Amino acid sequence: MLVALTTLSFTAGKGITLRLNPTKGKTYVIDSKTNQTTTMKIQGHAMNSIQKMDMKQSFSAKEVSNNSITLSTQIDAIKMAVTTMGVTLNYDSENPQNNSPMIANQAQEFDAIIKKPTYVTYDALGHLTEADDNDMSQLSNVIIELPEEELSVGSQWTFLKTQEIGDFDVSVNMIYTVTAISKKSVDVSFTGTIDAKDISGTYNGTASINAQTGIIMTCSLENNVSATVSDQGMEIPLTITGTATISVKEQ
């Protein structure tokens, strides 16, 4: 009991200041796996669409100064399967012979961004200051806005995050809580509440932030969203539920 209390006291008093500080020239690879179910109710009938997507994205720091970090990033591979009414459509950038002809247009859009470098610039607190267009980028899941203050176990910070859910771009009020601190990482839990007209929902999950670089190295999250869309004069309620796991490795 005495040992446990001593350890708890030491951990609780331990502080750390997080800053975005990737190693210049080093390549980081993001692996993300998402599962999303969209349910629409049309004239009393429910229709489900299930989407599974695996994505690999790499990034490296081209310029790193006291308050400006420029990253070069690209989507390296996408694998997706969408099942609706018992029919599954597939896309695989690494095995295009398996792509479903019915999604040829979307496949062309994906093909156009595979291995196409774009550039993103942040300040040391993870605020996005400049970015090329890249709607499918996973960087917002591994680079988040960091607090100025020193953190200890139990510390919290908040920021507003823009997130794409299905066809919606929504703002999410995020709250991060520090659950553990070590020399290598800062572990956090987080919750998010969507702030948008006609859309409501929540996020929750956990993440581990590298103490030296300020980059999230592992993350798991769940989301639950409700919305109403209009189609040919009909109001169609829908729900979107999803899970995601994200990991980052240094090369």
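Along each chain, residues carry numbers from 1 onward, in the same order as the chain's sequence is written. Since the coordinates come from a predicted model, pLDDT governs what is reported: local features require at least 70, and pairs of side-chain atoms require 80 or more to be given and counted, while whole-chain, interface and lining totals use all residues. Values shown for side chains rest on all heavy atoms present in the structure; no hydrogens or waters enter the calculation.

Caption draft 1: Region of the structure containing the nonpolar core. Remark: nonpolar core denotes a set of buried residues (Ala, Val, Leu, Ile, Met, Phe, Trp, Tyr, Cys) joined through side-chain atoms within 4.5 Å. For the exposure calls, accessible area comes from a 1.4 Å probe over protein chains only, and a residue counts as buried if that area is under 20% of its type's maximum, exposed if over 50%, partly exposed in between. Counting residues in hydrophobic clusters, the biggest one holds 46 residues, and the most contacted among them are L139, V142 and W157. The residues contacting V142, other than those within four sequence positions of it, are I30, F59, G214, I215, I216, I246 and V248. Contacts between residues were defined by any pair of non-hydrogen atoms, one from each residue, lying within 4.5 Å.

Caption draft 2: Up close: the packing of aromatic side chains. Two aromatic rings, drawn from Phe, Tyr or Trp (for Trp, its six-membered ring), form a pair once their centres lie within 6.5 Å of each other, and the interplanar angle then sorts them: stacked below 30 degrees, edge-to-face above 60, tilted otherwise. What the rule picks out here adds up to 5 aromatic pairs. Their ring planes at 65° and their centres at 5.0 Å tell us that Y91 and F110 sit as a pair that is edge-to-face. With Y91 in strand β4 (residues 87-92) and F110 in helix α2 (residues 104-113), this pair connects stretches of sequence that are 19 residues apart. Classification of F110 as buried rests on a relative accessible area of 6%. Among the aromatic residues, those joined into a ring-pair cluster are W157, F159, Y176 and F190. Under the DSSP-based scheme used, a helix requires at least four consecutive residues in state H or I and a strand at least two consecutive residues in state E, with every element numbered from the N terminus.

Caption draft 3: View of a negative patch on the surface. A contiguous patch of negative charge, built from E130, D132, D133, D135, E164 and D169, is present on the exposed surface. Assignment of secondary structure puts E130 in strand β6 (residues 128-131). Surface patches are defined over residues having more than 30% relative accessible area and no salt bridge, joining like charges when they lie within 9 Å and nonpolar side chains (Val, Leu, Ile, Met, Phe, Trp, Tyr) when within 5 Å. Reported accessibility uses the Shrake-Rupley method at a 1.4 Å probe radius. Residues are deemed covered only where the shown protein chains occlude them. Any carboxyl oxygen of Asp or Glu within 4 Å of a side-chain nitrogen of Lys or Arg constitutes a salt bridge here. Counted as positive: Lys and Arg. Counted as negative: Asp and Glu. His and the chain ends are not counted at all. By convention, charge coordinates are those of NZ in Lys, CZ in Arg, CG in Asp, or CD in Glu.

Caption draft 4: Quick peek at the environment of S189. Structurally, the position occupied by S189 is in strand β9 (residues 185-195). The class for S189 is partly exposed, based on a relative accessible area of 27%. As for S189 and I50, which are separated by 139 residues in sequence, their C-alpha atoms are 27 Å apart.

Caption draft 5: The confidence of the model for the protein, seen in detail. Per-residue pLDDT for the protein has a mean of 90; in total, 93% of the residues score no lower than 70. For the protein, the element scoring lowest by mean pLDDT is helix α1 (residues 2-12), at 39; β4 scores highest, at 97. Across residues 1-13 the pLDDT falls below 50, and counting only partners more than four positions away or on other chains, this stretch makes 3 contacts in the model. One confidence number per residue, pLDDT, is output by the predictor and ranges from 0 to 100.

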